[in-house]
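# A closer look at the structure
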Amino acid sequence: MSDPVAPPWRAWSPGVRVVVRRRRDDLPAGAPGDEPPYTDVLGDVVAVDDDGLTVRTRRGDVRVPAGDVLLGKTVPPAPVRRRPRAPGDAATDRG
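Below is a short write-up of the structure. Keep in mind it's a predicted model, so treat the numbers as computed, not measured. (Residues numbered from 1 in each chain as written. Predicted model: local features only at pLDDT ≥ 70, side-chain atom pairs only at ≥ 80, totals over all residues. Heavy atoms only, no water.)

This part covers the overall build of the protein. Along the backbone of the protein there are zero helices and five strands. Reading the protein from its N terminus to its C terminus gives the helix and strand order β-β-β-β-β. For the protein, the proportion of its 95 residues judged to be buried stands at 19%. Summarising the internal contacts of the protein: among those between residues at least 6 apart in sequence, 48% fall at separations of at least 24. Carbon and sulfur atoms make up 52% of the accessible area of the protein, which amounts to about 7,400 Å² in all. (Helix = DSSP H or I, 4+ residues; strand = E, 2+ residues; numbered from the N terminus. Buried < 20%, exposed > 50% of the residue type's maximum accessible area, 1.4 Å probe, protein only. Contact = heavy atoms within 4.5 Å. Areas by Shrake-Rupley, 256 points an atom, 1.4 Å probe, with all protein chains shown as cover.)

As C-alpha cells, this is what we get:
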C-alpha cells in the first residue's frame, strides 16, 4: 500500500531523467547570506528508497537525502551531443 502523501520523486523509476532542487550540504555553518542555499541535480535516476534518491549526473552519482529534496520533476532526454568541428571542415572554411 502506498503512502497517499508520498512525494512525487518516490514514484520515479531508475533510468528516468530528472532535475531535483535540493538543499546544499556543502555550506559551512555561518556561511554568508549571499551564498545560495539550494542547488539543482540533473541526470538519470539510479535508485529511489526511503532515505532518498541517487541521480547519475555527468560528473558522477549524487546521493540526495529525502530531507534535502525540495522540488523535482521529470525532464526530456538529454540532447545528442555533437562532435566538435575539426579545423578545415567545409562549414568553417567560408572565408
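Next, the rest of the story.
By the element assignment, Arg22 lies in strand β1 (residues 17-23). Under the relative-accessibility criterion, Arg22 is labelled buried at 5%. Within the structure, Arg22 has its side chain in polar contact with the backbone oxygen of Arg63 (distance 3.4 Å). Setting aside its immediate chain neighbours within four residues, Arg22 contacts Pro37, Tyr38, Thr39, Val41, Val62, Arg63, Val64, Pro65, Asp68 and Leu70. (Polar contact = N/O pair within 3.5 Å; in protein donor to acceptor, adjacent residues only side chain to side chain.)

This brings us to the environment of Arg23. Considering the arrangement of structural elements, one finds Arg23 in strand β1. With 44 residues separating them along the chain, Arg23 and Gly67 place their C-alpha atoms 8.6 Å apart. Those residues in contact with Arg23 that lie beyond four places of it in its chain are Pro37, Tyr38, Gly67, Asp68 and Leu70. Of the polar contacts made by the side chain of Arg23, one reaches the backbone oxygen of Gly67; its length is 2.8 Å.

A cluster of nonpolar residues, Tyr38, Leu70 and Leu71, forms a patch on the protein surface that exposes about 290 Å² of accessible area. For Tyr38, the location among the structural elements is in strand β2 (residues 38-49). Residue Tyr38 is classed as partly exposed on the basis of its relative accessible area, which comes to 41%. (Patch = residues over 30% accessible without salt bridge, like charges linked within 9 Å, V, L, I, M, F, W, Y side chains within 5 Å. Salt bridge = Lys/Arg side-chain N within 4 Å of Asp/Glu carboxyl O.)

On to the nonpolar core. In terms of nonpolar packing, the biggest core is built from ten residues, these being Trp9, Trp12, Val18, Val20, Val41, Val45, Leu53, Val55, Val64 and Val69. Residue assignment for this core shows that the elements contributing at least two residues are β1, β2 and β3 (52-57). Beyond its immediate stretch of four places on either side in the chain, Leu53 contacts Trp9, Trp12, Val20, Ala47, Val48, Val62, Arg63, Val64 and Val69. (Core = buried A, V, L, I, M, F, W, Y, C linked by side-chain atoms within 4.5 Å.)

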